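# Structural characterization, general
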There are 2 protein chains.
Amino acid sequence: MTISMYKASVPIFVQFLTGLSAVLDKAATFAEAKKVEPSVLLNMRLAPNMFPLVRQVRAATDHAINACGRLAGAEMLSFANSEASIPELKERIVKTIDFLKSLKPAQIDGSEDKEIKITFPSGAVREFTGQSLLLNNSLPNFYFHCTTAYDILRHCGIELGKRDFMGTPVQL
Amino acid sequence: MTISMYKASVPIFVQFLTGLSAVLDKAATFAEAKKVEPSVLLNMRLAPNMFPLVRQVRAATDHAINACGRLAGAEMLSFANSEASIPELKERIVKTIDFLKSLKPAQIDGSEDKEIKITFPSGAVREFTGQSLLLNNSLPNFYFHCTTAYDILRHCGIELGKRDFMGTPVQL
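The text that follows walks through the structure, step by step, so that each part is easy to find. (Residues numbered from 1 in each chain as written. Chains lettered and ligands numbered in written order. Predicted model: local features only at pLDDT ≥ 70, side-chain atom pairs only at ≥ 80, totals over all residues. Heavy atoms only, no water.)

So, on to the side chain of Arg154 of chain B. Note that Arg154 of chain B resides in helix α6 (residues 130-155). Despite its burial, Arg154 of chain B pairs with no opposite charge; the closest candidate is Glu159 of chain B, at 6.3 Å N-O. At 2.9 Å, the side chain of Arg154 of chain B and the side chain of Asn49 of chain A are in polar contact. When sequence neighbours within four positions are dropped, the list of residues in contact with Arg154 of chain B reads Ala47, Asn49 and Met50 of chain A together with Leu160 of chain B. (Helix = DSSP H or I, 4+ residues; strand = E, 2+ residues; numbered from the N terminus. Buried < 20%, exposed > 50% of the residue type's maximum accessible area, 1.4 Å probe, protein only. Lys, Arg positive; Asp, Glu negative; His and termini not counted. Salt bridge = Lys/Arg side-chain N within 4 Å of Asp/Glu carboxyl O. Polar contact = N/O pair within 3.5 Å; in protein donor to acceptor, adjacent residues only side chain to side chain. Contact = heavy atoms within 4.5 Å.)

We now examine the side chain of Glu83 of chain B. All names here are of chain B. As for its placement among the helices and strands, Glu83 is situated in the loop between α3 (53-72) and α4 (86-102). Polar side-chain contacts of Glu83 include one of 2.6 Å to the side chain of Arg58. Polar side-chain contacts of Glu83 include one of 2.8 Å to the side chain of Arg92. Ignoring any residue separated from it by four or fewer positions in sequence, one finds Glu83 in contact with Leu42, Val54, Arg58, Glu88, Leu89 and Arg92.

This part takes up the relation of the copies chain B and chain A. Rotating chain B by 180° and moving it 0.0 Å along the rotation axis overlays it on chain A with an RMSD of 0.0 Å. On this basis, the relationship between the two copies can be described by a two-fold rotation axis. Proximity to the rotation axis, assessed at the C-alpha, singles out Ile3 of chain B in chain B; its C-alpha lies 2.6 Å from the axis. Here 100% of the contact residues of chain B are again contact residues in chain A; the copies associate through an equivalent surface. (Least-squares fit on C-alpha atoms with pLDDT ≥ 70 in both.)

Between the first and last C-alpha of helix α1 (residues 10-33) of chain B there are 35 Å, a value that for 24 residues agrees with the 34 Å anticipated at 1.5 Å per step. Looking one or two residues past α1 of chain B, Lys35 of chain B carries a phi angle of roughly 55°, positive in sign. (Expected span 1.5 Å × (residues − 1).)

Along the chain, Met166 of chain A falls in helix α7 (residues 162-166). Classification of Met166 of chain A by relative accessible area gives buried; the value is 10%. Spatially, the C-alpha atoms of Met166 of chain A and Ser111 of chain A are 27 Å apart, while their sequence positions differ by 55 residues. Not counting the four nearest positions on each side in its chain, Met166 of chain A is found in contact with Gln15 and Phe16 of chain A together with Asn136, Asn137, Pro140 and Asn141 of chain B.

Residue-level contacts link 37 residues of chain B with 37 residues of chain A. When the two sides are added together, the surface that chain B and chain A hide from each other amounts to roughly 3500 Å², 59% of it contributed by carbon and sulfur. At the boundary of chain B and chain A, one finds 0 salt bridges. Our count for the contact surface shared by chain B and chain A stands at 16 residue pairs in polar contact (both at pLDDT 80 or more). Of all the secondary structure elements, the ones that give two or more residues to the side of chain B that touches chain A are α1, α6 and α7 (162-166) of chain B. Tallying contributions element by element places α6 of chain B first for the side of chain B that touches chain A, with 15 residues. Tallied by class, residues from the side of chain B that touches chain A come to 17 nonpolar, 13 polar and 7 charged. (Buried area = accessible area lost by both parts, 1.4 Å probe. Nonpolar A, V, L, I, M, F, W, Y, C, P; charged D, E, K, R; others polar.)

The analysis is restricted to geometry; functional conclusions fall outside its scope.
In structure tokens form, the structure reads like this:
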């Protein structure tokens, strides 16, 4: 009895992306109530040399897509990275969830030992197994960006609780 | 071929707790250079109704201990929650890592379907399987608190990068 690679990836990413989308809903409600321009929240950040909210959300979706896409050997979904409003970020999350749900357990299960070589934009090359990519890299990065998006919005004074971040487990 | 519960828990918690400890080292160096009282950093927070740094670190260690302890059916390590300095927080992390490393794969492997009932301080009772506790609850909460500790310190102007958060994978 062990955990399948599918169970450790797709339903988890979907749960927390759905939570992130609900967090953005509360940000949109806040912005409307306070007459805040949407671009203001999208560009909020916790430090001058940290990514703003919009990049945190893009990074979260990218880590989910890249992890599951690579495990499945599927063509990766990509975006123009031009989102300029909360509805556009939510649309990116919807498309990400649709992509993840399009992957079948049979495509991902058994990918623990799959050799995955990634060339980063810097030119650096790193080699992973499916398991090390998912557990040591993609999930931690994904949670890092989901949490930082939440933290940015909490810092802006938006009423959020851990429950919003956690979302609800999904059966897939 | 699948992932074992041990591989998905102990080495992951150890990797990111070690990263968290290194993040605290940089905070201590910063505090010394800037003549900041240690208690100031420990009490920094991103919003008035969010936990300060000291509680984020305590929560990260607690989620790691409680997850692995429950999966293993081992007696849980607990603390007086009286840490008042960065060295004391780092000591808590050391003890947590020692506890995690004391658990053997045979104690944790096979706990996917183990029924785990948790009574929260509020009195609420939630039922988990080993797998749902680890994947849907403990790891996300753990990453939430590790990331928020990092975010608090980044917001304070401490020079940190994602690499500090990520730590280094460990072979256990």
